[in-house]
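Chain by chain, the residues:
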Amino acid sequence: MNNPIIDQTFDKQNFSGQKLPDKEYDNCVFMNCDFTKADMSVVTFLECRFENCNFESVMMKETSFQEVVFSECKMLGANFSVCNDFMFSVEFDHCYLEYASFFGFEMKNTLFSHCKLMEADFTEADLTGATFDHCNLLNAIFEYTSLEKADFRTAENFVIDPENNKLKKAKFHRSGLSGLLQKYDLVIS
């Protein structure tokens, strides 16, 4: 990748339906940008910030996200499982991640804050030390997922089978215990 793009701000840019050049973006800010159905495959984002951007149906094959923050972004159906996993590091704040896929992906210590993660797929992902701060996890899929030391104390609507997931030292509030026992069809009051 030649000629990295450094320290630039992109405001209200429309990238929808376009192929982003195979470039490296370093310390860039994207504000109010539309990436709907964009192809950002093989693009590298280092220490970038995305604010109020739309990523619906975006293609991210081998995309690199290293120390990237997504804030108030709409990421319906985003497939992170095809991203480049080398030094992958992201943070999500007030994002819509319904139907997003993190299948088999390593996301240790990832922060999800005030996110809507309904129907998100975390199957076989490594979320060791992740935090789900005030997140809605309605119908999110946790199967064979490593959730050791993960924090669900303020999360809601999750259903996690302790027999099919690694939960050692994970944190839960008493009010969320029913999400761990749902398969037993117990009445908890």
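Everything quoted here is computed from the prediction, not taken from an experiment.

Trainee: Could you give an account of the pairing of strand E8 (residues 68–71), naming the residues involved and the relevant values?
Mentor: By the alternation rule, side chains of E8 split into Val68 and Phe70 and Val69 and Ser71, which are all buried. Sheet topology note: the strand E6 (residues 49–51)/E8 ladder contains 3 bridges and is parallel. Counterpart to Glu51 in the pairing with E8 is Ser71. For E8 and strand E9 (residues 90–93), the ladder comprises 4 bridges, and the chain directions are parallel. Its bridge partner lying in E9, Ser71 is registered against Asp93.

Trainee: Give me the lowdown on the packing of aromatic side chains, citing residues and values where you can.
Mentor: Tallied over the entire structure, the rule returns 39 aromatic pairs. Taking 6.0 Å as the distance between ring centres and 70 degrees as the angle between the ring planes, the aromatic pair formed by Phe10 and Tyr25 counts as edge-to-face. With Phe10 in strand E2 (residues 9–11) and Tyr25 in strand E3 (residues 24–26), this residue pair connects regions lying 15 residues apart in the sequence. Overall, Tyr25 belongs to the buried group, its relative accessible area being 5%. Judged by centre distance (4.8 Å) and plane angle (10 degrees), the rings of Phe35 and Phe55 are stacked. Taken together, the residues span a long stretch of sequence, with Phe35 in the loop between strand E4 (29–31) and strand E5 (44–46) and Phe55 in the loop between E6 and strand E7 (64–66) at a distance of 20 residues. Residue Phe35 shares its accessibility class with Phe55, and that shared class is buried.

Each value, and the rule that gives it
- Residues numbered from 1 in each chain as written.
- Predicted model: local features only at pLDDT ≥ 70, side-chain atom pairs only at ≥ 80, totals over all residues.
- Heavy atoms only, no water.
- Buried < 20%, exposed > 50% of the residue type's maximum accessible area, 1.4 Å probe, protein only.
- Helix = DSSP H or I, 4+ residues; strand = E, 2+ residues; numbered from the N terminus.
- Pairing = 2+ DSSP bridges.
- Phe/Tyr/Trp six-rings, centres within 6.5 Å; stacked < 30°, edge-to-face > 60°.

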